[in-house]
Amino acid sequence: MRWSRSFIPTLREDPAGAEAASHRLLLRGGFVRQLMAGSYALLPLGQRVASKIEGIVREEMLRIGGQEFSLPSLHPAELWQRTGRLEIPEIFRLRDRRGAELCLAMTHEEVFTWLARELRSWRSLPQLWFQFQNKYRDEERPKSGLLRVREFLMKDSYSFDLDAAGLDRQFESHLTAYRRIFERCGLEALAVQASSGAMGGSESVEFMVPTGAGEDWIASCAACGYTANIEKAASLLPPLADPPGPPRPEPFPTPGIRSIAALAEFPGGVPAERQIKTLVYVLDGRPALLLLRGDHELVEAKLTDGAGCAELRPATEAEIRALLGAGPGSLGAVGVSQCPVYADAALRGRRNLTTGANRDGEHLRGVDLERDIAVGQWLDLRRVGEGEACPACEAPLRLIKAVEVGHIFKLGTRYSEALGASLPGESGAPQPLQMGSYGIGIGRALAAVAEAHHDADGILWPVNVAPHEAVVSVLNTRDVGVSETGERLYEALLAAGVDAILDDRDERPGVKFRDAELVGIPWRLSVGPKGLATGQVELFRRRGGRRREVPVERAAGILAESVLEERR
RNA sequence: CGGGCCGUAGCGCAGCCUGGUAGCGCGCCUGAAUGGGGUUCAGGAGGUCGCGAGUUCAAAUCUCGCCGGCCCGACCA
């Protein structure tokens, strides 16, 4: 590959509106261009990196027994109707010229399950099927370059077994494969316990790369390795001793007090941890009360999981008034029986607390949870805080911002039952297939690598995923000797199996150095008249910036050896 | 979906408040010099000022509508 003949439109200035480092550098380095919100073109360099990541993923999927497919992205809406997923707001829907309803794939559970109906006998199991295919999601807010887009390439795989033990094995082999994949890509991905979401199955693990550009928070314990998404994470709290209170709740006037903080300051009020926070949510169309300690914050995903609902939203003020007769600020669950009451486990056994009286400007003190409130279900609803005790070993937890690069799910029989994918087990009776699904976002992984490996000058690609492993920079193309030596070194590197590019542009040396560093090529051989005068060329390592002079005749060999050593 | 900001040459921006000639830097093209860290000089090309309507003698500039993009929040199977 010759730089002079390549489309590598590097930018001298930072593009406007690119905040995330990966977004900025991938644009500047000529890897990607934005077509519209959440839609990116991969340019040749970006495609090279994506192909290398894809290659690593493919190797590891084949290693665990995967068979590669390629499924359509355009699906009949009817198939999604049958699994109930057509109602997902992010799905792109369209009609063909005859008016038939179609949709674009968000994932491929439906189509793979449809194919799995052709499995005839338990003897053909286990099966592991995978592909690299575009996914489409009409996100409300695409952002951060490639980190959150509406169309993206995903490796998705699907496992089919008859029993839970088989599913467990497939899940485990994906855990192993994913660890290897991310390690080979140079990503330090943490495997974290995750919420499966409303449509998920029994268990799921996310692979998260810590980065400030991430959108997720994870709680992590350095002592024992416990790691969980904030949507799932638990922690231990020191017990609170409540002073004894009155025999029954006592109302007291609190004019103008509409918040936990205000009530904590109010004469006769109590600190937040002795208040009950009462929230009203609408779960699958029905209102419910949620109770948390005054200083705790609700995690909606925990509510989804715990209450087993598909959809939820905060109630409107009008709905709240209709239900409880008061507005937010004076809400409470004492005496409430008209709707379910879910309480966070941290409130269990608490006594003599303060909460709203369901009359504006009035609160109740002396409330005992067990005595005064008809709690329908105790759930873990609260957000874990930094420094709280690890649920496994009690060491303090840290909260880390991260981006999700992979997610593996045990789906169970949700899709196989909906689509009729079952086959006779050893007993002869038909059983629905036990499925797992497993995804890696290729573009997101690419961006995550750039996010994790860059400096002020550009990207520092690990050799395994670099668009080119080495560049031969011809510092003066008008000098025939220099040019010819550069060509020879370039050819020698190719012959040695190094993925090299020859920078043969008629540019000043500084331009070539800057571009090579911006693009992030791990190794560089600089061929110039000064070095050649004494038979030397300069070998430069992008990461660390080390440079040394090596004899021309040995340069290709030394570089090839270094590159091969770094490959994994 | 709520809040904020922005659409002017390929990229980054100024001009808009106070209506009248469309400008700067980078990049690009030509020539010359230079050639180990974005070099210099000279010449040149390139713009429906996001789209539509309105006000006006006159609109990049004022008004309204629409479209698009970015950031924060909410959401994310």
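Notes on the structure in this doc start here. Values in this document were obtained by computation on a predicted structure and should not be read as measured data.

## A closer look at helix α5 (residues 164–184)
And then number 1: Here α5 contains 21 residues, and its C-alpha end-to-end distance of 30 Å stays within 8% of the 30 Å for a straight helix at 1.5 Å per residue.
And then number 2: Turning to α5, its buried residues are G166, L167, Q170, F171, H174, L175, A177, Y178, I181, F182 and R184.
And then number 3: The positive-phi residue at the C-terminal boundary of α5 is G186, with phi of around 80°.

## Quick word on the pairing of strand β10 (residues 203–210)
And then number 1: Within β10, six of the eight residues are buried, leaving the element largely enclosed by the surrounding structure.
And then number 2: Bridging between strand β9 (residues 190–193) and β10 involves four bridges; their strand directions are antiparallel. For L190, the partnering residue across the bridge sits in β10 and is M208.

## A look at the environment of Q275
And then number 1: Counting through the fold element by element, Q275 comes out in the loop between α6 (260–265) and β14 (276–283).
And then number 2: Residue classification places Q275 among the buried residues on the basis of a relative accessible area of 2%.
And then number 3: When near neighbours in sequence (up to four residues on either side) are disregarded, Q275 contacts I260, L263, A264, V270, L292, R293, G294 and T354.
And then number 4: Polar side-chain contacts of Q275 include one of 3.1 Å to the backbone oxygen of I260.
And then number 5: Within the structure, the side chain of Q275 is placed 2.9 Å from the backbone oxygen of V270, a separation counted as a polar contact.

## A word on unusual backbone geometry
And then number 1: Residue P126 follows L125 across a cis peptide bond; omega there is 0°.
And then number 2: Topologically, P126 is positioned in the loop between α4 (109–116) and β7 (127–136).
And then number 3: Even without being glycine, S144 reaches a positive phi, approximately 55°.
And then number 4: Residue position: S144 is located in the loop between β7 and β8 (151–161).
And then number 5: A positive phi angle, close to 75°, is found at E394, a residue other than glycine.
And then number 6: Along the chain, the position of E394 falls in the loop between β20 (377–379) and β21 (398–412).
And then number 7: Under the relative-accessibility criterion, E394 is labelled exposed at 58%.

Rules of the game
- Numbering of residues starts from 1 in each chain and follows the order in which that chain's sequence is written.
- Chain letters start at A and ligand numbers start at 1, both assigned in the order the entries are written.
- The model is predicted, so local features are restricted to residues of pLDDT at least 70 and side-chain atom pairs to those at 80 or more, both for listing and for counting; the totals for chains, interfaces and linings are taken over all residues.
- Think of the side-chain values as coming from all heavy atoms in the structure, minus any hydrogens and water.
- Runs of H or I in DSSP of at least four residues are treated as helices and runs of E of at least two as strands, each being numbered from the N terminus.
- Helix span is expected to be 1.5 Å times the residue number reduced by one.
- With a 1.4 Å probe rolled over the protein chains alone, any residue whose accessible area is under 20% of its type maximum counts as buried; one over 50% counts as exposed, and the rest are partly exposed.
- At least two bridges found by DSSP between two strands are what make those strands a pair.
- What makes two residues a contact is simply this: any of their non-hydrogen atoms within 4.5 Å.
- Polar contact criterion, stated in full: a pair of N or O atoms within 3.5 Å, where within protein one must be able to donate a hydrogen and the other to accept it, and residues adjacent in sequence count only if both atoms are side-chain atoms.

These figures capture arrangement, not role.
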